[in-house]
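Each chain, written out:
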Amino acid sequence: MTVAILSLYAMSFGCLLCCFELRLKQFGVQAFIAKNFGFLHKAQGRVVFLLCCGFLMFSLGTVMGWVVGAYLSALVPANVYILFKYPALEKEALDYQMSGMRAAAMAMKFRGGK
């Protein structure tokens, strides 16, 4: 039962990370992520999130969990290097997400929502 719950969390976090990196605008995904998971826009927040996902995968206790956990742990230094070497990428990602939030707000206003 514990492994099933951990697996659900791992899948949810994986989908979140995938949607964030792909910058999906369909169905308001981009606005939802920008509003509720803003920590992914900052280097420190993304590093902590990747580490937590890696530790979560290690805790599954399966071979695949160890492989993916090791991959995520190896991805952290690469992510830190890229985000600190090219700080404009972080600002560009934030600007892109904020433009998606503005577009979603305009669409809701146009449809008569709050």
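Because the structure is a prediction, the values reported are computed rather than measured. (Residues numbered from 1 in each chain as written. Predicted model: local features only at pLDDT ≥ 70, side-chain atom pairs only at ≥ 80, totals over all residues. Heavy atoms only, no water.)

> Can you walk me through the side chain of Asn 79 in this structure?
Mapped onto the fold, Asn 79 is located in helix α4 (residues 63–85). Not counting the four nearest positions on each side in its chain, Asn 79 is found in contact with Arg 46 and Leu 50. (Helix = DSSP H or I, 4+ residues; strand = E, 2+ residues; numbered from the N terminus. Contact = heavy atoms within 4.5 Å.)

> What exactly am I supposed to notice about the side chain of Arg 46 here?
Along the chain, Arg 46 falls in helix α3 (residues 43–59). Look past the residues within four positions of Arg 46 in its chain and what remains in contact with it is Phe 20, Glu 21, Phe 39, Leu 40, His 41, Asn 79 and Leu 83.

> Mind showing me how you'd approach helix α1 (residues 2–22) here?
Residues separated by three or four positions in an α-helix point in the same direction, a consequence of the helix having 3.6 residues per turn. Relative to the 30 Å expected for 21 residues at 1.5 Å per residue, α1 spans 30 Å between its end C-alpha atoms, a close match to the ideal helical length. Positioned one or two residues after α1, Arg 23 has a phi angle of 55°, which is positive. (Expected span 1.5 Å × (residues − 1).)

> Help me out: how do you make sense of the nonpolar core in this one?
The nonpolar side chains of soluble globular proteins are, as a tendency, buried together. If you look at the biggest cluster of nonpolar residues, it comprises 16 residues, and the most contacted ones within it are Leu 16, Leu 40, Phe 49, Leu 50, Met 57 and Leu 72. Going through the elements one at a time, α1, α3 and α4 are the ones with two or more residues in this core. The contact partners of Leu 40, leaving out residues within four places of it in the chain, are Leu 16, Phe 20, Arg 46 and Phe 49. (Core = buried A, V, L, I, M, F, W, Y, C linked by side-chain atoms within 4.5 Å. Buried < 20%, exposed > 50% of the residue type's maximum accessible area, 1.4 Å probe, protein only.)

> Would you mind showing me how to read the environment of Glu 21 here?
Examined against the element boundaries, Glu 21 turns out to sit in helix α1. Sequence separation between Glu 21 and Leu 40 is 19 residues, and the spatial gap between their C-alpha atoms is 9.7 Å.

> Would you explain the packing of α3 against α4 in this entry?
Each pair of packed helices can be described by the angle between their axes along with the distance between the axes. Here α3 crosses α4 at 170°, and the two axes come no closer than 7 Å. Between α3 and α4, the angle falls in the class roughly antiparallel. Tallied by class, residues from the contact of α3 with α4 come to 16 nonpolar, five polar and one charged. (Axes fitted to C-alpha atoms, helices over the stretch in contact; angles between N-to-C directions. Parallel < 35°, antiparallel > 145°, perpendicular 65-115°, else oblique. Nonpolar A, V, L, I, M, F, W, Y, C, P; charged D, E, K, R; others polar.)

> I'm lost on the confidence of the model for the protein chain in this one. Help?
Detailed reading of the predicted model is not advised wherever pLDDT is low. Mean pLDDT over the protein chain stands at 81; residues scoring 70 or higher make up 82%. At the level of individual helices and strands, the protein chain shows its lowest average pLDDT in helix α5 (residues 87–111), which scores 66, and its highest in α3, which scores 90. (pLDDT = per-residue confidence, 0-100.)

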